[in-house]
There are 6 protein chains.
Amino acid sequence: MSLTHFDADGHAHMVDVSGKPVTARVAVAEGAITMSAETLALITEGRAKKGDVLGVARLAGIMGAKKTADLIPLCHPLPITKVAIELTADDSLPGIRVTGTVKTGGQTGVEMEALTAVTTALLTIYDMVKAAEKGMVIETVRLVLKDGGKSGRYEVSR
Amino acid sequence: MSLTHFDADGHAHMVDVSGKPVTARVAVAEGAITMSAETLALITEGRAKKGDVLGVARLAGIMGAKKTADLIPLCHPLPITKVAIELTADDSLPGIRVTGTVKTGGQTGVEMEALTAVTTALLTIYDMVKAAEKGMVIETVRLVLKDGGKSGRYEVSR
Amino acid sequence: MSLTHFDADGHAHMVDVSGKPVTARVAVAEGAITMSAETLALITEGRAKKGDVLGVARLAGIMGAKKTADLIPLCHPLPITKVAIELTADDSLPGIRVTGTVKTGGQTGVEMEALTAVTTALLTIYDMVKAAEKGMVIETVRLVLKDGGKSGRYEVSR
Amino acid sequence: MSLTHFDADGHAHMVDVSGKPVTARVAVAEGAITMSAETLALITEGRAKKGDVLGVARLAGIMGAKKTADLIPLCHPLPITKVAIELTADDSLPGIRVTGTVKTGGQTGVEMEALTAVTTALLTIYDMVKAAEKGMVIETVRLVLKDGGKSGRYEVSR
Amino acid sequence: MSLTHFDADGHAHMVDVSGKPVTARVAVAEGAITMSAETLALITEGRAKKGDVLGVARLAGIMGAKKTADLIPLCHPLPITKVAIELTADDSLPGIRVTGTVKTGGQTGVEMEALTAVTTALLTIYDMVKAAEKGMVIETVRLVLKDGGKSGRYEVSR
Amino acid sequence: MSLTHFDADGHAHMVDVSGKPVTARVAVAEGAITMSAETLALITEGRAKKGDVLGVARLAGIMGAKKTADLIPLCHPLPITKVAIELTADDSLPGIRVTGTVKTGGQTGVEMEALTAVTTALLTIYDMVKAAEKGMVIETVRLVLKDGGKSGRYEVSR
């Protein structure tokens, strides 16, 4: 098997998608950041009283999705038509779970946009809370759904 | 305890670091992406024959470090003086381990730059190999060293 | 009434426009910067002799329109097909009036692109002349025309 | 009088500040967006219930300050050390008043950063509420304080 | 003859392409960087042993193509669908020849994207080897092929 | 001899300059674009009557210098303190000669900033005049002066 991002000589290129049809595409990615229960309490209680960590992370994730083609060298620029970020405190981690959904009408998929949205949101949580705990860990960032386009539906059972 | 990225009213702000001294600072972050042994073989064998996935990821990580203040809403722009990314194939995962080292002479630390470098490199690996395997997972992204500045040395025992 | 940029839980999102048709759209915005008659004379006389303030501001406005989705968090990236900026010295202010016209063939309107073009041009005038007068004021930036798309034509009588 | 952004031949240039000392500098700018009382109520009531327009605008303003040298052609890139944005609902307009404060330790002032922060926050409010009212107007954007550097303190009496 | 990037009053504008059809377009540009035979040997031998200068330049060229509308003031943002960069050592120069190919499905051509890809790759070679030789020269950067769109095929005989 | 942009294993990195002193640095680069005498006349006559090609190219060059660290993968971000672009019509080419001067007070040189400024200005001239002549060629882009820093003065006799 060969890797599509390299040509026959092994040189990196941005794959030619000009012959592919414009179709409706969606991708969903997820990930989490784990922390101590005390730090998680700072975030969840802070929402009302001290400052909205999750609101800042959500916005960072949405804006991060728009920077995907700038960050990932061989990504095509795509006309993103929707970005939504869901953030949920989970006491069982303890930590925050993030899900990112991105849509486009384009010639290639938005997996990287969804994954970039999720990681940007997670990095932003780290940034905002790192004064309280440096040992937080970003975990299990993965694609959970991809649909639209010729390669068909991909879905992880959760 | 309060979170430094919010003021007394709970409003987000970019923290005033103008009174802090300019000191030499370093941060090191790490993370990994797990995949099947077959996919890992595609990367490690491809290096010589089909295309240099790790070389592309390394460059993406270096350039990603320079975009940190653009991606993370409350980060200060800093004059980065060094970025190095180490990528190692690890059959025991199986997958690729990534370490990112960033230095600055500035008024605040470069933890976020190191973490952004690592996640950008990991996302780029995902992008380049996703045609072979969509189920790869980004794992255990964390800060392992921070030094310089008033808060002193932070180091994770590895 | 609810605000479209928030979901049912009050969380910000980039609105899903994937079901909207691609149509020809146009938006026109305007604004002004007021200054002393002496400062205005520096600009209008300078055009020929000392330097083209309005030429620089025009270019900044055009380039600013292209950065709209990067600046405004919930804006969709759009394929802009035209940007024109008109700058007129107005002795009755005294000051400069700016009008910006933007077109696209996309799934949502270009109001924000037109408003961003106008404010970027106005800020650039401020920057270039501030050594002469710091008290200049940006005034009355507003949308004056929007057409194309389902919500129909919006026009301010001027 | 000549304009500093042009050389003796009337050509635009980025002024040479390499001989100026690095000093602590601050700038404060302000502005407002006017709207109907009904629209203002949507924002102020929405804060708690439907979505935080002002929180999104605050973040956009902070991030906008960091993009100043990218937007304004002849601005020097500066190491910003603080950005804070204050947003206040004012029933007497009716509308929202925005104040932006920016600090740096650099060789030239941060007036443009403060003005860009304020206009970006105001444009973001427009974007988020435009579905309810297209006739909102951005008003009276101006510098209110500048200090540090050789030209001394500039302050508008408010 | 008039220049299309100026209106009837001689003011720069981004040309209105909204009435033009979306068609498949391609452009190819080329250029070279000349250096001493010793420096060229450093690059060609280094590929295997010391570091892949051409691999870094290729990636920079691909990413540079995506920044064209950000760099060239009156360029339209276009949905690039392919970028490929070919780099060849040429002992007869001595130096490196670079060819860049860009495709889009858009309303205007990608000549500037191909030229920007080539110059970015050439500048990156300069950057990476400048410690060995500062006297390298970028030469003969030109468009060699353009096709698609109303103005028809343009091709330089090589 | 080894190349500084690679480590001992041949991996690209952003060179550690954190131990280097902050000194005043300057770099000057030059280049040209050749065209037919008729096209050159369009530019030189147009300045007064039809539109200021050279004014647009100058601004693009200045803004291009600020994007250097974003374009060239291993460049350090630097606090640029001056950019000036000189454009001269030369009937003997026929064409336009461009010289770019950049200053910084930093830990590494601004050669790449000067070269990027010149190539961006030349590309912008191509863009603005390409409707009249596609066969223009960018020629002889090179560093002509570098001073400041430990490696001493480099100057090309012109």
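Basis of the calculations
- Residues numbered from 1 in each chain as written.
- Chains lettered and ligands numbered in written order.
- Predicted model: local features only at pLDDT ≥ 70, side-chain atom pairs only at ≥ 80, totals over all residues.
- Heavy atoms only, no water.
- UniProt positions renumbered as here; feature names shortened; annotations may be inferred.
- Buried < 20%, exposed > 50% of the residue type's maximum accessible area, 1.4 Å probe, protein only.
- Helix = DSSP H or I, 4+ residues; strand = E, 2+ residues; numbered from the N terminus.
- Pairing = 2+ DSSP bridges.
- Least-squares fit on C-alpha atoms with pLDDT ≥ 70 in both.
- Contact = heavy atoms within 4.5 Å.
- Expected span 1.5 Å × (residues − 1).
- Buried area = accessible area lost by both parts, 1.4 Å probe.
- Salt bridge = Lys/Arg side-chain N within 4 Å of Asp/Glu carboxyl O.
- Polar contact = N/O pair within 3.5 Å; in protein donor to acceptor, adjacent residues only side chain to side chain.
- Axes fitted to C-alpha atoms, helices over the stretch in contact; angles between N-to-C directions.
- Left-handed = near helix turned anticlockwise from the far one by under 90°.
- Nonpolar A, V, L, I, M, F, W, Y, C, P; charged D, E, K, R; others polar.

For chain A, an unreviewed UniProt entry supplies the name Cyclic pyranopterin monophosphate synthase and the organism Profundibacterium mesophilum KAUST100406-0324. Per UniProt, chain A has the following entry under Catalytic activity (unreviewed entry): "(8S)-3',8-cyclo-7,8-dihydroguanosine 5'-triphosphate = cyclic pyranopterin phosphate + diphosphate".

Novice: Tell me about the pairing of strand S2 (residues 80-90) of chain E, and name the residues and values.
Specialist: Residues and elements named next belong to chain E. With 8 of 11 residues buried, S2 is to be regarded as a mostly interior element. Strand direction decides the pairing type here: S2 and strand S3 (residues 95-106), joined by 10 bridges, are antiparallel. Bridge pairing links Val 83 to Val 102 in S3.

Novice: Go over the relation of the copies chain C and chain D, please, and point to the residues and values.
Specialist: Two chain copies, one operation linking them: a rotation about an axis together with a shift along it. You can overlay chain C on chain D at an RMSD of 0.0 Å; the transform is a turn of 180 degrees with a shift of 0.0 Å along its axis. When the rotation and shift are considered jointly, the pair of chain copies conforms to a two-fold rotation axis. Ranked by how close their C-alpha atoms come to the rotation axis, the residues of chain C are headed by Glu 139 of chain C, at 2.4 Å. When the interface residues of chain C are mapped onto chain D, 100% of them again fall at the interface, so both copies present the same face.

Novice: Outline the relation of the copies chain D and chain B, supporting the account with residue identities and numerical values.
Specialist: Under the fitted operation, chain D is carried onto chain B by 0.0 Å of movement along the axis and a turn of 120 degrees, and the coordinates agree to an RMSD of 0.0 Å. In short, the pair behaves as if placed about a three-fold rotation axis. Scanning chain D for the C-alpha nearest the rotation axis identifies Pro 79 of chain D, at a separation of 4.6 Å.

Novice: I'd like a description of helix H2 (residues 53-66) of chain A, backed by residues and values.
Specialist: With 14 residues, H2 of chain A should reach 20 Å at 1.5 Å per residue; the first-to-last C-alpha distance of 21 Å fits that figure. Counting buried residues in H2 of chain A gives 13 out of 14 residues, a clear majority hidden from the surface.

Novice: Please give an account of the interface of chain D and chain B that cites residues and values.
Specialist: Between chain D and chain B, the residue contacts involve 14 residues of the former and 18 residues of the latter. Interface area for chain D against chain B, summed over the two sides, is near 1300 Å², with a carbon-plus-sulfur share of 58%. Together, Arg 58, Lys 66 and Thr 81 of chain D form the three largest contributors to the area buried by chain D at its contact with chain B, with a combined 39%. Taken together, the connections running from chain D to chain B amount to 2 salt bridges. Summed over the shared surface of chain D and chain B, the result is 10 residue pairs in polar contact (both at pLDDT 80 or more).

Novice: Describe the UniProt feature "binding site: substrate" (unreviewed entry) in chain A, with residues and values.
Specialist: Residues given the UniProt feature "binding site: substrate" (unreviewed entry) here are Leu 74, Cys 75, His 76, Met 112 and Glu 113 of chain A. Considering the C-alpha atoms alone, the annotated residues occupy 40 residues of sequence yet fold into one spot, their largest mutual distance being 12.6 Å. Assignment of secondary structure puts Leu 74 of chain A in the loop between helix H3 (68-71) and strand S2 (80-90). With relative accessibility at 7%, the residue Cys 75 of chain A sits in the buried group. Leaving out residues up to four positions away in the same chain, Cys 75 of chain A has contacts with Met 14, Thr 68, Ala 69 and Met 112 of chain A, Asp 127 of chain B together with Lys 66 of chain E.

Novice: Mind laying out the packing of helix H2 (residues 53-66) of chain C against helix H4 (residues 111-129) of chain C, listing which residues take part and the relevant values?
Specialist: Residues and elements named next belong to chain C. Where H2 contacts H4, the axes come no closer than 7 Å and their chain directions differ by 145 degrees. Relative to H4, the crossing made by H2 is right-handed. Packed against H2, whose contacting residues are Val 53, Leu 54, Val 56, Ala 57, Ala 60, Gly 61, Gly 64 and Ala 65, the element H4 presents Glu 113, Thr 116, Ala 117, Thr 120, Ala 121, Thr 124, Ile 125, Met 128 and Val 129 at the interface. By residue class, the composition of the contact of H2 with H4 is 11 nonpolar, 5 polar and 1 charged.

Novice: Break down the interface of chain C and chain D for me, citing the residues and quoting the values.
Specialist: Between chain C and chain D, the residue contacts involve 52 residues of the former and 52 residues of the latter. Across the interface of chain C and chain D, roughly 4500 Å² is buried in total on both sides, 71% from carbon and sulfur atoms. Viewed at the interface, chain D and chain C are joined by 2 salt bridges. For Lys 67 of chain C, the salt bridge goes to Asp 70 of chain D, with nearest N and O atoms at 3.5 Å. Where chain C meets chain D, there are 10 residue pairs in polar contact (both at pLDDT 80 or more). Sorting the residues of the side of chain C that touches chain D by element identifies H2, helix H3 (68-71), H4 and strand S4 (137-147) of chain C as the ones contributing at least two each. It is H4 of chain C that contributes the most residues to the side of chain C that touches chain D, 12 residues altogether. Across the side of chain C that touches chain D, the residue classes break down as 27 nonpolar, 12 polar and 13 charged. Inspection of the sheet shows S4 of chain C paired to strand S4 (residues 137-147) of chain D by 2 bridges, in the antiparallel sense. Along S4 of chain D, the bridge assignment pairs Ile 138 of chain C with Val 141 of chain D.

Novice: Explain the pattern of salt bridges residue by residue, including any values.
Specialist: Applying the stated criterion to the full structure yields 54 salt bridges over all chains. Its salt-bridge partner being Arg 142 of chain C, residue Glu 30 of chain C comes within 2.9 Å of it at the nearest N-O pair. Pair noted here: Glu 30 of chain C is in strand S1 (residues 23-34) and Arg 142 of chain C is in strand S4, with a separation of 112 residues, a long-range link. Of the residues examined, Glu 30 of chain C reaches a relative accessible area of 15% and is grouped as buried. A salt bridge links Asp 147 of chain F to Arg 153 of chain F; its shortest N-O distance comes to 2.8 Å. Using a relative accessible area of 25% as the deciding quantity, one classes Asp 147 of chain F as partly exposed. When its relative accessible area of 52% is taken as the criterion, Arg 153 of chain F is described as exposed.

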